[in-house]
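Reading the structure
As a plain string of letters, each chain reads:
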Amino acid sequence: MTVETDTPGSVTAVYKVSGMSCGHCEGAVTGEITQLAGVSSVKAVASTGEVTVTSAAPLDEEAVRTAVDEAGFELVGRA
């Protein structure tokens, strides 16, 4: 699990997502996670399966899982 504090009041977490293979996949995952309350940035990388999320407070992993499911992929867990 990787959790870093970027700026006061923000938290960065890295998640592993299976099934992403292209830029469209990255966009779908990014779009769904961005809609979660408190999320300020999302960077999905298909080649590594890693999704880096910066938010105002730690996110509920089930909320992230639901967003990833909505995009059509599977949240494996935290990286």
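Shown above is the structure to which this text applies.
To keep things clear, this report deals only with the structure shown in the data block. (Residues numbered from 1 in each chain as written. Predicted model: local features only at pLDDT ≥ 70, side-chain atom pairs only at ≥ 80, totals over all residues. Heavy atoms only, no water.)

We now examine the side chain of Thr12. Of note, Thr12 is situated in strand E2 (residues 11-18). Residue classification places Thr12 among the buried residues on the basis of a relative accessible area of 5%. One polar contact links Thr12 to Thr54, side chain to side chain, over a distance of 3.1 Å. (Helix = DSSP H or I, 4+ residues; strand = E, 2+ residues; numbered from the N terminus. Buried < 20%, exposed > 50% of the residue type's maximum accessible area, 1.4 Å probe, protein only. Polar contact = N/O pair within 3.5 Å; in protein donor to acceptor, adjacent residues only side chain to side chain.)

It is worth spelling out helix H1 (residues 23-34) at this point. An α-helix turns once per 3.6 residues; consequently, residues spaced three or four apart project the same way. For H1, which comprises twelve residues, the first-to-last C-alpha distance of 16 Å matches the rise-based estimate of 16 Å (1.5 Å per residue) to within 8%. Of all the positions in H1, only Cys25, Val29 and Ile33 are classed as buried. One face of H1 carries all of its buried residues, which in axial projection span an arc of 55 degrees. More than 90 degrees from the buried face of H1, the exposed residues found are Gly23 and His24. (Expected span 1.5 Å × (residues − 1). Arc of directions from axis to C-beta.)

Attention now goes to the pattern of salt bridges. All chains considered together, the criterion is met by three salt bridges. One salt bridge in this structure joins Arg65 and Glu61, with 3.5 Å as the shortest N-O distance. Of this pair, Arg65 and Glu61 are both found in helix H2 (residues 61-71), four residues apart, which corresponds to roughly one turn of the helix. According to the relative accessible area criterion, Glu61 is partly exposed, its value standing at 28%. Across the pair Arg78 and Glu61 runs a salt bridge, and its minimum N-O distance is 3.8 Å. Of this pair, Arg78 sits in strand E5 (residues 74-78) while Glu61 sits in helix H2, and the two are 17 residues apart along the sequence. (Salt bridge = Lys/Arg side-chain N within 4 Å of Asp/Glu carboxyl O.)

For H2, the set of buried residues is Val64, Ala67, Val68 and Ala71. End-on view of H2: buried residues confined to an arc of 95 degrees, all on one side of the axis. If you follow the buried residues of H2, they end up packed against E2, H1 and E5. Gly72 lies just past H2 and shows a positive phi near 95 degrees. (Contact = heavy atoms within 4.5 Å.)

Summarising the element assignment, Val76 is placed in strand E5. Accessibility expressed as a relative area gives 56% for Val76, which makes it exposed.

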